[in-house]
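A closer look at the structure
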Amino acid sequence: MIPKPEFSNPSDPEPMTARDARLQMFGFWGRYQHFAMPVAGVAIAAVTVVVLQGFLSGLSLDHVLEAARNIPGKHLLVALSLTGLSFAAVAFYDVVAVETIAPGRVPRLLSACVGAAGYAISNALGFSLLTGGMLRYRIYAGEGIALSDIGRIIATSWLAIWFAFIVMIALDLVLDPTRTPLVDQLDPRLGLALGIALLLSIGFLVRWLSRGERTLAIGKFSIKLPNSRGALTQIVAGLVDVCAAAGTLYVLMPETVTTGPAVFALVFVVATIIGIASHAPGGLGAFEASMIAGVGLGNNPDAIGALLAFRVIYTLLPFLIAVVGVLTFEIYARHAQVSQRVLHAGRVLEPLIPPLAAGATFLGGIMLLFSSSVPGGAERLDALSDMLPLPFIEVSHLAASFAGIAMLIIARGLARRLQQAWAASLILFMLGAAFSIGKGLDWEAAVVLLVLSTVLIGFRKAFYRRPIEGIGTLSWGWLASVISIVAISIWLGFFSYRDVDYSNQMFWQFAVDGDAPRFLRAAIVILTATAAAALHTAINRKAINRKQQAEIPPAVSAIVASSNVTHAALAMLGDKQFLMSPDGRGFIMYARSGGSLIALGGPIGPVEGDTELAWAFHDLADRSAARTAFYGVEPDQLPMYLDMGLVALKLGEVARVDLTAFNLDGPRRQPLRYADRRAEKDGLVFEVVKAADVRPLLGELREVSDAWLQMKSSGEKGFSLGYFEDDYVSRFDMAVFRWRGRIIAFANMWGSADKSELTVDLMRHAPDAPKIVMDALLTKLLLHGKSQGYRRFNLGAAPLSGLSGGRLTSHWNRFGSFLYRRGRTFYRFDGLKAFKDKFDPVWTPHYFICPPGLDTIRSLLDVTTLISGNPLELVRK
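So, here is what we can say about the structure in this document. (Residues numbered from 1 in each chain as written. Predicted model: local features only at pLDDT ≥ 70, side-chain atom pairs only at ≥ 80, totals over all residues. Heavy atoms only, no water.)

1. Here's the deal with a nonpolar patch on the surface
A contiguous nonpolar surface patch, about 380 Å² in accessible area, is contributed by Leu77, Leu80, Leu317 and Ile321. Secondary structure elements with two or more residues in the nonpolar patch: helix H3 (73–101) and helix H11 (301–335). Locating Leu77 in the fold gives a position in helix H3. (Patch = residues over 30% accessible without salt bridge, like charges linked within 9 Å, V, L, I, M, F, W, Y side chains within 5 Å. Areas by Shrake-Rupley, 256 points an atom, 1.4 Å probe, with all protein chains shown as cover. Salt bridge = Lys/Arg side-chain N within 4 Å of Asp/Glu carboxyl O. Helix = DSSP H or I, 4+ residues; strand = E, 2+ residues; numbered from the N terminus.)

2. Overview of the pattern of salt bridges
Here the structure, examined in full by the defined rule, presents 25 salt bridges. A salt bridge links Arg69 to Glu66, with the nearest nitrogen and oxygen atoms 3.1 Å apart. Placement of both Arg69 and Glu66 in helix H2 (residues 61–69) is noted, with a separation of three residues, approximately one turn of the helix. Of the charged contacts, one joins Asp727 and Arg695 as a salt bridge, the two residues approaching to 3.1 Å between their closest N and O atoms.

3. Here we look at helix H24 (residues 698–711)
Each full turn of the α-helix corresponds to 3.6 residues, which orients residues three or four apart in the same direction. Helix length check: H24, at 14 residues, gives a terminal C-alpha distance of 20 Å against a target of 20 Å (1.5 Å per residue), a fit within 8%. Those residues of H24 that sit buried are Leu698, Leu701, Val704, Ser705, Trp708 and Leu709. Looking down the long axis of H24, one finds its buried residues gathered within 130° of arc, a one-sided arrangement. When the buried face of H24 is taken as reference, the exposed residues oriented beyond 90 degrees from it are Glu703 and Gln710. (Expected span 1.5 Å × (residues − 1). Buried < 20%, exposed > 50% of the residue type's maximum accessible area, 1.4 Å probe, protein only. Arc of directions from axis to C-beta.)

4. Considering the packing of aromatic side chains
The final tally for this structure, using the stated rule, is 17 aromatic pairs. Measuring from ring centre to ring centre gives 5.2 Å for Phe494 and Phe519, while their planes differ by 90°; the resulting arrangement is edge-to-face. On the criterion of sequence distance, the pair formed by Phe494 in helix H18 (residues 476–496) and Phe519 in helix H19 (residues 515–540) is long-range, its members being 25 residues apart. Each ring, one from Phe686 and one from Phe737, has its centre 5.9 Å from the other, and the planes form 75°; the classification is edge-to-face. (Phe/Tyr/Trp six-rings, centres within 6.5 Å; stacked < 30°, edge-to-face > 60°.)

5. Notes on the nonpolar core
Formed by 52 residues in total, the largest nonpolar core has its most connected members in Leu249, Met253, Met291, Leu297 and Leu307. The biggest single contributor to this core is H11, with eleven residues. Setting aside residues no more than four positions away along its own chain, Met291 makes contact with Leu249, Phe264, Val267, Phe268, Ala271, Gly296, Leu297 and Leu307. In terms of nonpolar packing, the next biggest core, distinct from the first, is built from 47 residues, Ile353, Val486, Ile526 and Ala625 among them. (Core = buried A, V, L, I, M, F, W, Y, C linked by side-chain atoms within 4.5 Å. Contact = heavy atoms within 4.5 Å.)

6. Observations regarding the environment of Val647
Residue position: Val647 is located in strand S7 (residues 647–658). Of the residues examined, Val647 reaches a relative accessible area of 26% and is grouped as partly exposed. The sequence separation of Val647 and Gly853 amounts to 206 residues, and the corresponding C-alpha distance is 9.2 Å. Every residue in contact with Val647, bar those within four places of it in the chain, is listed here: Phe848, Ile849, Cys850, Pro851, Pro852 and Thr856.

7. Examining the pairing of strand S6 (residues 627–633)
The side chains of a regular strand alternate, first on one face of the sheet and then on the other. Counting buried positions along S6 yields seven of seven residues, so the element is predominantly enclosed. By the bridge criterion, five bridges tie strand S5 (residues 596–600) to S6 in an arrangement that is parallel. If you follow Leu597 over to S6, its bridge partner there is Thr628. For S6 and strand S13 (residues 842–850), the ladder comprises three bridges, and the chain directions are antiparallel. From the neighbouring strand, Phe630 faces S13, where its bridge partner is Ile849. (Pairing = 2+ DSSP bridges.)

8. Side note on the packing of helix H9 (residues 261–277) against helix H10 (residues 286–295)
Packing of H9 against H10 leaves a shortest axis separation of 8 Å and a crossing angle of 150°. Compared by their axis directions, H9 and H10 come out roughly antiparallel. Regarding H9 and H10, the two cross each other, and that crossing is right-handed. Two secondary-structure elements touch here, H9 through Phe264, Val267, Phe268, Ala271, Thr272, Ile274 and Gly275 and H10 through Ala286, Phe287, Ser290, Met291, Gly294 and Val295. For the contact of H9 with H10, the per-class residue count stands at nine nonpolar, four polar and no charged. (Axes fitted to C-alpha atoms, helices over the stretch in contact; angles between N-to-C directions. Parallel < 35°, antiparallel > 145°, perpendicular 65-115°, else oblique. Left-handed = near helix turned anticlockwise from the far one by under 90°. Nonpolar A, V, L, I, M, F, W, Y, C, P; charged D, E, K, R; others polar.)

9. Quick word on unusual backbone geometry
The backbone of Leu441 shows a phi angle near 55°, a positive value even though the residue is not glycine. Counting through the fold element by element, Leu441 comes out in the loop between helix H16 (419–440) and helix H17 (443–458). The partly exposed category is assigned to Leu441, whose relative accessible area is 21%. At Asp840, a residue that is not glycine, the phi angle is positive and equals roughly 50°. Following the sequence through the fold, Asp840 ends up in the loop between helix H28 (829–837) and S13. Given a relative accessible area of 29%, Asp840 falls into the partly exposed group.

10. Quick word on the environment of Ser372
Following the sequence through the fold, Ser372 ends up in helix H13 (residues 353–373). Owing to a relative accessible area of 1%, Ser372 belongs among the buried residues under this scheme. A C-alpha to C-alpha distance of 8.1 Å links Ser372 and Gly493, two positions 121 residues apart in sequence. In this structure, Ser372 is in contact with His397, Ala400, Ser401, Lys439 and Phe519, ignoring residues within four places of it in sequence. Separated by 3.2 Å, the side chains of Ser372 and Ser401 make a polar contact. (Polar contact = N/O pair within 3.5 Å; in protein donor to acceptor, adjacent residues only side chain to side chain.)

Right, here's the structure in full:
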């Protein structure tokens with residue numbers, strides 16, 4: 001039975017409006033946080049363009065490229081060595097984190113390789129959870145590490161990086177406070193004191209860690225901290241990592257850059273942080289703009305060339321090594337005669353192919369956009385004009401630009417394993433290669449794109465999902481990354497043609513050497529495509545309409561009428577889709593919310609079809625690139641869902657009253673007797689209105705319903721809860737209380753076909769109804785159910801009831817137990833359970849079934865949004 005917490009809670013210490021007022025201050029962030037950070041990233045991209053335009057006004061692209069080619073070979077060798085040292089230090093982050101969280105369970109060499117490869121991939125592509133986080137999850141999960149511990153390993157590694165940033169800032173403040181940006185405008189003693197305070201804090205932390213096992217708790221999430229030796233190792237590794245990374249760029253800089261190493265390293269740290277916040281892959285553009293502004297590199301082509309060389313050495317090269325290593329191992333594990341352990345590792349790595357393919361496609365799109373923004377080689381264009389007519393060259397340039405922006409958009413579909421995205425990407429790679437040749441004999445880009453298309457063909461089976469809604473919309477974060485790349489590519493074009501005298505006629509000039517007009521036309525194509533993607537995302541990511549009416553198949557109505565499960569009546573709301581069994585005798589009702597396909601309860605129909613139908617729904621969700629979830633599952637169904645690899649979260653307990661033994665006798669029933677007698681004394685008249693006679697009463701019932709919602713400062717729910725809709729309400733018998741002929745309370749009733757259970761859905765009363773009206777109405781309903789031969793009465797759920805808060809229980813149980821005991825500021829969970837306990841029910845647990853890991857949190861937010869429209873309502877469902 002699906003729980004329905006519609007009952008009023010008489011033990012509430014204050015009106016609902018007061019609680020809702022406190023929730024309101026979180027509501028704004030809960031509604032807009034999903035795109036607040038992406039908007040900030042786009043803002044950083046805009047500032048980046050302004051900074052680059054302002055500081056590089058006196059340079060040309062040819063001078064920058066020439067400067068990069070003229071970097072001395074010995075400097076390049078030192079930079080390569082420092083890059084290797086930096087990634088070796090990065091590897092220690094994971095080594096220490098694994099030994100702290102899961103000691104002795106992962107070989108150190110393996111954790112070191114995972115740490116370095118994960119950082120190389122996420123440093124180049126961004127989307128750290130999708131790329132580097134996925135790599136860690138797949139490898140460590142294959143070693144038997146629990147998902148929660150993998151999350152702690154990732155968190156511990158990130159803490160190490162941020163501690164390294166703090167230590168670097170502190171050392172710079174101590175060593176050279178007079179030259180530290182921002183601080184140099186203040187009293188040097190203030191900067192020195194701040195640096196010493198930071199270093200002392202770090203020393204105190206290490207000392208604190210040496211006195212025993214320590215745990216950092218952030219809300220319900222806890223991280224076991226390393227011991228003092230591990231902390232020192234991570235701090236030293238962090239210093240080596242940051243210093244080596246900064247040193248890689250520093251040795252590439254020309255002698256004209258006179259900034260000291262300490263200040264340079266500090267600016268490098270700040271630029272890295274800004275790059276992370278920009279949402280651009282690898283902080284592209286934002287990092288460079290921060291370095292240019294912080295060190296004063298404007299109008300210095302040698303310094304800008306050094307930044308370009310740094311990107312190739314520190315970002316692109318490690319990424320290519322990591323990708324080639326993963327792909328080589330995957331191919332070897334598939335086709336070679338190797339041990340079972342290697343084959344197992346190959347299966348573990350296979351899920352990495354989609355995010356890596358997405359990253360490679362995204363980089364391919366960047367390559368096409370950037371190549372369309374810079375001048376083509378004059379000799380190549382001359383040779384091409386002898387072979388192809390000018391219109392073909394012009395069209396190829398526009399098509400290559402469009403293919404580039406399309407790759408940025410389609411890449412998200414590859415990360416979700418979508419078959420359509422795979423086919424589209426393959427076509428775009430091949431067309432991009434052809435258009436790269438056609439627009440300027442850019443054979444290097446064509447070769448890269450053809451190699452990527454070959455890799456995609458080799459891993460075709462990894463992309464099998466065919467979602468119901470097609471490729472779908474972009475996330476706000478992905479859209480922010482696309483916009484950032486587009487902004488930088490267009491700035492690059494204007495930078496490349498800064499000496500061109502622009503005019504209105506230029507847009508319509510067509511010539512073999514007309515690179516600037518071609519760029520302008522390509523910019524229009526790119527901006528139009530980006531605007532279309534943004535509008536599509538904004539329009540199609542609208543809030544879920546939980547009351548949207550859908551057609552109910554005739555077979556569903558027949559199954560509901562004969563069902564022995566009372567919550568089957570929710571199929572008649574018209575807000576769900578249905579997966580029918582092959583024989584048409586059963587169904588699963590479900591809805592899409594966010595990235596989840598959420599079924600309401602289990603299969604409805606013959607018991608023998610439950611397993612087959614549930615697995616069919618699981619397969620439907622997987623093929624649709626959605627998370628599988630089942631809301632409101634009974635304990636006897638758990639084994640089936642656990643076999644699917646899903647996890648069960650206890651939502652609370654459902655109260656059921658044994659009607660065969662229910663009466664109003666004895667001292668425990670005194671409150672119910674009082675409510676029943678008081679209702680009669682006050683002149684309240686109980687009546688059960690048959691479904692056929694409900695429609696004439698709809699106007700009066702709606703007045704009571706609207707007043708109740710206004711009194712509770714609440715809106716209608718949906719999915720697992722009914723809402724007041726005329727066609728829906730008039731399908732069921734209605735219990736009402738009348739006072740002086742006016743309806744002041746009502747409840748629509750659901751009864752099972754075999755009379756095993758009776759329950760109610762909507763249960764509402766007028767604001768001026770007596771305080772005992774809910775107790776009296778429920779008492780009358782239980783007595784009515786008993787008189788009609790029903791065996792039990794379902795009172796609905798008590799959220800979070802029955803969750804154990806012991807040390808050895810799951811984190812969800814501990815969090816739920818804590819909220820049940822201490823969360824009365826937002827909702828009186830214990831009061832609702834006490835209210836239902838007056839009827840002496842039998843409490844039965846019910847569960848939410850969903851995927852493990854980070855998908856658990858996403859699934860919880862999706863189902864809460866589906867039911868109430870507000871993720872903050874999670875614990876009140």
